[in-house]
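# Descriptive analysis of the structure
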Amino acid sequence: MKQLLLEIDEITEAKINAVAKTAGLSAQQWLRQIIEEKTATNWPNSIKALAGTWQDAPFSETLRAAEGQDVAREDF
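The structure contained in this document is the topic of the report that follows. In this numbering scheme, every chain counts its residues from 1 along its sequence in written order. Local features in this predicted model are restricted to residues of pLDDT 70 or higher, and side-chain atom pairs are both shown and tallied only at a pLDDT of 80 or more, whereas totals for entire chains, interfaces and linings draw on every residue. To get the side-chain values, take all heavy atoms of the structure and skip hydrogens and water.

### Things to note about the packing of helix H1 (residues 10–22) against helix H2 (residues 27–38)
Where we set the bar: Note on geometry: axes are lines fitted to C-alpha atoms, helical ones only across the stretch in contact, with angles between N-to-C directions running from 0 to 180 degrees. Under the DSSP-based scheme used, a helix requires at least four consecutive residues in state H or I and a strand at least two consecutive residues in state E, with every element numbered from the N terminus. Angular relationships are summarised with four words: roughly parallel below 35 degrees, roughly antiparallel beyond 145, roughly perpendicular across 65 to 115, and oblique for the angles in between. Whether two residues are in contact is decided by their heavy atoms: any pair within 4.5 Å suffices. Classes in brief: Ala, Val, Leu, Ile, Met, Phe, Trp, Tyr, Cys and Pro nonpolar; Asp, Glu, Lys and Arg charged; the others, Gly included, polar.
Following both chains from N to C, one finds H1 and H2 inclined at 90°, their axes separated by 8 Å at the closest point. On the basis of their axis angle, the class for H1 and H2 is roughly perpendicular. Contacts between H1 and H2 involve Ile16, Asn17, Val19 and Ala20 on the former and, on the latter, Ala27, Trp30 and Leu31. Here the contact of H1 with H2 is composed, by residue class, of six nonpolar, one polar and no charged.

Set out below in structure tokens:
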């Protein structure tokens, strides 16, 4: 496996360590996860699972069917 040398300041290091600890991960694991998420080329399975779970929106003709017809007026 390749290694990556990344220079960061102390504040950024502290932020990474705090967030990683909150997630229950090492800083290395957390950074690897972020890199994988940001470089993904496919939709996550959670998004793919949404396909077909909602009804299609009605066409504009259906939405406007009960509104009546426009009337052209020449007295403007």
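Alright, that's what it looks like, and here's the rest.
### Observations regarding the layout of surface pockets
For clarity, the threshold we go by: Cavities and pockets are defined on a 1 Å grid built over the protein atoms alone: a cavity is a set of grid points where a 1.4 Å probe fits but cannot escape, while a pocket is an open set with protein on both sides within 12 Å along at least five of seven lines, and lining residues are those with an atom within 4 Å of any such point. Grid points are joined across faces, edges and corners, and a volume is the space filled by probe spheres set on the points.
By volume, the largest pocket is sized at about 500 Å³. Lining the largest pocket we find 13 residues, and of these Leu4, Gln28, Leu31, Arg32 and Ile35 sit closest to its centre. Residue assignment for the lining of the largest pocket shows that the elements contributing at least two residues are H1 and H2. Of all the elements, H2 adds the most residues to the lining of the largest pocket, at five residues. Across the lining of the largest pocket, the residue classes break down as eight nonpolar, three polar and two charged.

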